[in-house]
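Structural overview
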Amino acid sequence: MADDLETRHALEALVAVLGQEGIDETVVSNAELILAEVLNNVVEHAYAEGTGPVELTVGILPGGLSCEVADQGKPLPAGMVPPPDLPEASPDSLPEGGFGWHIIRCLTSDLSYTRESGENRLTLQIPWTD
């Protein structure tokens, strides 16, 4: 179910498994950051009025990690991943949020979103670091 505690547990389990697999610490940190942003968006926006199931799948590929997050919450606005634009603000008054999709786009490749039969599906690749 989508909530803050389940998100934390899922990320802890992911970090542990990737560490056991010998994945580079930078890639593990990137995966944790990216998936925290994605899962928190699901909790805060897709399931804003309640809770529901979330499925996280991570695979190890020759080029990096393959990730998929599926939920049955509200669709993304406009039916697509938001643009990578940063929030407009002066350095003295940076907003608390609004950086998530920019971070996700900067650290991933092959980012795609679909909505079919009431299910959101976000897929992305986290490339190996050099």
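One can find the structure itself at the top, above this paragraph.
Residues numbered from 1 in each chain as written. Predicted model: local features only at pLDDT ≥ 70, side-chain atom pairs only at ≥ 80, totals over all residues. Heavy atoms only, no water.

What to know about the layout of surface pockets
Its volume calculated, the largest pocket comes out at about 350 Å³. Elements with a contribution of two residues or more to the lining of the largest pocket: α2 (25–46), β2 (64–71) and β4 (119–127). Element by element, the count of residues in the lining of the largest pocket is highest for α2, at 5 residues. Partitioning the lining of the largest pocket into residue classes produces 11 nonpolar, 3 polar and 3 charged. (1 Å grid on protein atoms, 1.4 Å probe; cavity = no way out; pocket = protein on both sides within 12 Å on 5 of 7 lines; lining within 4 Å. Points joined across faces, edges and corners; volume = space filled by probe spheres on them. Helix = DSSP H or I, 4+ residues; strand = E, 2+ residues; numbered from the N terminus. Nonpolar A, V, L, I, M, F, W, Y, C, P; charged D, E, K, R; others polar.)

Describing the packing of α2 against helix α3 (residues 100–107)
Packing of α2 against α3 brings their axes to within 10 Å, and their N-to-C directions diverge by 140°. With respect to each other, α2 and α3 are oriented oblique. Between α2 and α3 lies a crossing whose hand is left-handed. Between α2 and α3, the residues in contact are Asn30, Leu33, Ile34, Glu37, Val38 and Asn41 and Gly100, Trp101, Ile103, Ile104 and Leu107, respectively. Of the residues in the contact of α2 with α3, the class split is 7 nonpolar, 3 polar and 1 charged. (Axes fitted to C-alpha atoms, helices over the stretch in contact; angles between N-to-C directions. Parallel < 35°, antiparallel > 145°, perpendicular 65-115°, else oblique. Left-handed = near helix turned anticlockwise from the far one by under 90°. Contact = heavy atoms within 4.5 Å.)

A few points about the pairing of β2
Counting buried positions along β2 gives 6 out of 8 residues, so the element sits mostly inside the fold. Linkage of strand β1 (residues 54–61) to β2, two consecutive antiparallel strands, is achieved through a turn of 2 residues. Here 8 bridges tie β2 to β4, and the two strands are oriented antiparallel to one another. Bridging across to β4, Ala70 finds its partner in Arg121. (Buried < 20%, exposed > 50% of the residue type's maximum accessible area, 1.4 Å probe, protein only. Pairing = 2+ DSSP bridges.)

A word on helix α1 (residues 4–20)
Helix length check: α1, at 17 residues, gives a terminal C-alpha distance of 25 Å against a target of 24 Å (1.5 Å per residue), a fit within 8%. Within the span of α1, buried status applies to Thr7, Leu11, Leu14 and Leu18. Buried residues along α1 cover an arc of 60° about the axis, so they all sit on one side. Capping of α1 at its N-terminal end is provided by Asp3; its side-chain oxygen lies 3.2 Å from the backbone amide nitrogen of Leu5. (Expected span 1.5 Å × (residues − 1). Arc of directions from axis to C-beta. Polar contact = N/O pair within 3.5 Å; in protein donor to acceptor, adjacent residues only side chain to side chain.)

This is a description of form; function is not addressed.
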